[in-house]
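Reading the structure
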Amino acid sequence: YGDHRDLHSFPTRRSSDLGNFSALLALGSQYQIYDPMTRRAIAGGRVQEDPLAGNIIPASRISPIAQKMLSYYPSPLTQGTADGINNYPLPNAPELDTYYVLIGRVDHNFSDRHRIFIRGNETNRHSTYSNWFDNAATGMWYRSLDRGGALDDVYTFSSSFTMNFRYGYDRWVTNDDNNPASYNFDLTSLGFPASYNNAIPSNIRRFPYITIAGYASTQNYLDWVPLDIHDFQLNFNKIRGSHSFKFGAQLRVDRADKSAPMNTSTGEFDFGTTYTQGPLDNSPASPIGQGLASMLLGLPSGGHVDTNASYAEQGTTWGLYLHDDWKVTPKLSLNIGLRYEIEGPLTERYNRSVRGFDPTAQLPIAVQAVANYAQNPTPEVPASQFRVQGGLLFAGVGGQPRTLWDRDANNFMPRFGLAYRIAPKTVVRGGYGIFYGFLGQRRGNVKQTGFSQATNLIPSLDNGLTFVATLANPFPSGIQQPLGAALGPMTYAGQSVSFFNSNPLAPYNQRWQLGFQSEHPHRVVLDASYVGN
């Protein structure tokens, strides 16, 4: 994980030393910290600020929230370098990873004609890593749980006719999460406003994600992903004369859920050098120290809270097949078959997905936009041809179907094979087939434009001459909530959007092979074939 650095540029954690960066200044003027409260506009559009006297932040100016957050960071483990770097090496301890697999099976014969088996399995893995601080601020817990089972039922109607029914199920759940000490973390315990704390659902709320220029960050992550697969198969085998018929059907149901607030769902606070470097706003940043000073002063350089959409998607695939193994003559065998598959379009249980795009959708901003353009048109597009229209379509909204695209119903897959013995020890074999792929039965294929929302932390609107958001009140306008499909075609207007092709075609592959095999004395076998795709 690399080297980790202590929060202070000196080897002590005494409260009297908090904000004292004078030891850094003794190493060189490049470590000077500048006072953001002295920022002022000067000629040329630049902003200037004065050095912080003695490189010491007065105790009265230190943010109590920053002080509380810093209490979660550990003390140095080694002396490190003169500027306090590399004083917290990672412990050389093995990562604990617990893993087990359980499998059980029961077979039962009801009669000579009827037998079944049932199998169950469970795989469980649990591990911890990145627990650098050994508290709510860091540490990841990884869990994966895989449970499944199968039923296989074989019934013999006669010596030439059998049936086989199969059902398989698998549920795989992965979960990456913070140290349990961070669950349902109370942000007011750090000094944040109750309005901010209460805007984050308690089951999502964790210790904030904090980045400080030159120092180790905290961790805040939650990723819960269950995947379910149901597979039904009904297969028949019928022998009649020189023919061996195989036919049947299959249904596969793929489901994927995801709840992934990620590391910014409680809040990310970035403390860079934007407001503590100087003497000008475009001066080089110090090697270390200015980012921590910004934090102590309660002035984030940026950050955000993300409200991320979850999803519950489902796709289905139906298949039918008929196959004949035909012994035409003692020398010639043919394999002739046809398989048909139809993939059910992806759906999201609560219609939280974009579906398509309507290029003719009328937008409420069109009249004003056209009028503004007419005042200063470009030569390439006359004002009479300028159009402002088009917008996203959403599943289950405005007459749109719940499916995210229309079916591709032409997936016929012929199969053909032959084997011909041209001599007692020489055989020619060949085959041809078409195989179709899937369109969308993969997790995360929904497009959730509009169903997630970021609330940005904007500390200043005038390049730091005044501050409108600080640690004391990082989101003064509150946490914005997603609007979903409420804006209709105006969703993400003027921004980059993506959407589904409403009439997609499944990818397919043609394969063929032709070859021969011949046996010669001394057990020498010649085998040659040509394969194409």
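For the structure itself, look to the data block above.
This section reports on the structure supplied with the text. Keep in mind the model is a prediction, meaning the values are calculated, not measured.

Moving on: a nonpolar patch on the surface. A surface patch of nonpolar side chains, about 480 Å² in accessible area, is lined by Ile336, Phe416, Tyr432, Trp512 and Tyr530. Mapped onto the elements of the fold, isoleucine 336 is located in strand β13 (residues 332-348).

The strand order across the open sheet built from four strands is β7-β10-β11-β18, with neighbouring strands paired in mixed fashion. Only two strands of the sheet have a single partner each, and these edge strands are β7 (209-212) and β18 (453-456). Each neighbouring strand pair of the sheet contributes to a mean axis angle of 15°, computed without reference to strand direction. Sheet topology note: the β7/strand β10 (residues 268-271) ladder contains four bridges and is parallel. Along β10, the bridge assignment pairs threonine 211 with aspartate 270.

With that out of the way, let us pick up the sheet that holds strand β8 (residues 222-240). Read from one edge of the open sheet, 12 strands run β3-β4-β5-β6-β8-β9-β12-β13-β16-β17-β19-β20, paired in antiparallel fashion. In this open sheet, the two strands that pair with only one neighbour each are β3 (97-109) and β20 (524-532). Within this sheet the neighbouring strands show an average axis-to-axis angle of 10°, counted without direction. Looking at chain direction, strand β9 (residues 243-258) and strand β12 (residues 311-327) are connected through 16 bridges and run antiparallel. By the bridge assignment for β12, aspartate 257 is matched with alanine 312.

The subject of this paragraph is the pattern of salt bridges. The full count for this structure, using the stated rule, is 15 salt bridges. Of the charged contacts, one joins aspartate 107 and arginine 105 as a salt bridge, the two residues approaching to 2.8 Å between their closest N and O atoms. For aspartate 325, the salt bridge identified is with lysine 246, shortest N-O distance 3.0 Å. In this pair, aspartate 325 is assigned in strand β12 and lysine 246 in strand β9, connecting sequence segments 79 residues apart. By relative accessible area, lysine 246 is classed as partly exposed at 28%.

With 46 residues, the main nonpolar core has Phe192, Tyr196 and Met295 as its most contacted residues. Looking at this core, the elements that each hand over two or more residues are α2 (64-70), β7, β10 and α4 (290-296). When sequence neighbours within four positions are dropped, the list of residues in contact with phenylalanine 192 reads Ile65, Met69, Leu187, Pro208, Phe269, Leu471 and Pro474. By size, the runner-up hydrophobic cluster in this structure holds 10 residues, among which are Leu227, Ala256, Tyr311 and Ala395.

Structurally, aspartate 254 is set in strand β9. Polar side-chain contacts of aspartate 254 include one of 2.9 Å to the side chain of arginine 252.

Cut-offs and rules
Residues numbered from 1 in each chain as written. Predicted model: local features only at pLDDT ≥ 70, side-chain atom pairs only at ≥ 80, totals over all residues. Heavy atoms only, no water. Patch = residues over 30% accessible without salt bridge, like charges linked within 9 Å, V, L, I, M, F, W, Y side chains within 5 Å. Areas by Shrake-Rupley, 256 points an atom, 1.4 Å probe, with all protein chains shown as cover. Salt bridge = Lys/Arg side-chain N within 4 Å of Asp/Glu carboxyl O. Helix = DSSP H or I, 4+ residues; strand = E, 2+ residues; numbered from the N terminus. Pairing = 2+ DSSP bridges. Axes fitted to C-alpha atoms, helices over the stretch in contact; angles between N-to-C directions. Buried < 20%, exposed > 50% of the residue type's maximum accessible area, 1.4 Å probe, protein only. Core = buried A, V, L, I, M, F, W, Y, C linked by side-chain atoms within 4.5 Å. Contact = heavy atoms within 4.5 Å. Polar contact = N/O pair within 3.5 Å; in protein donor to acceptor, adjacent residues only side chain to side chain.

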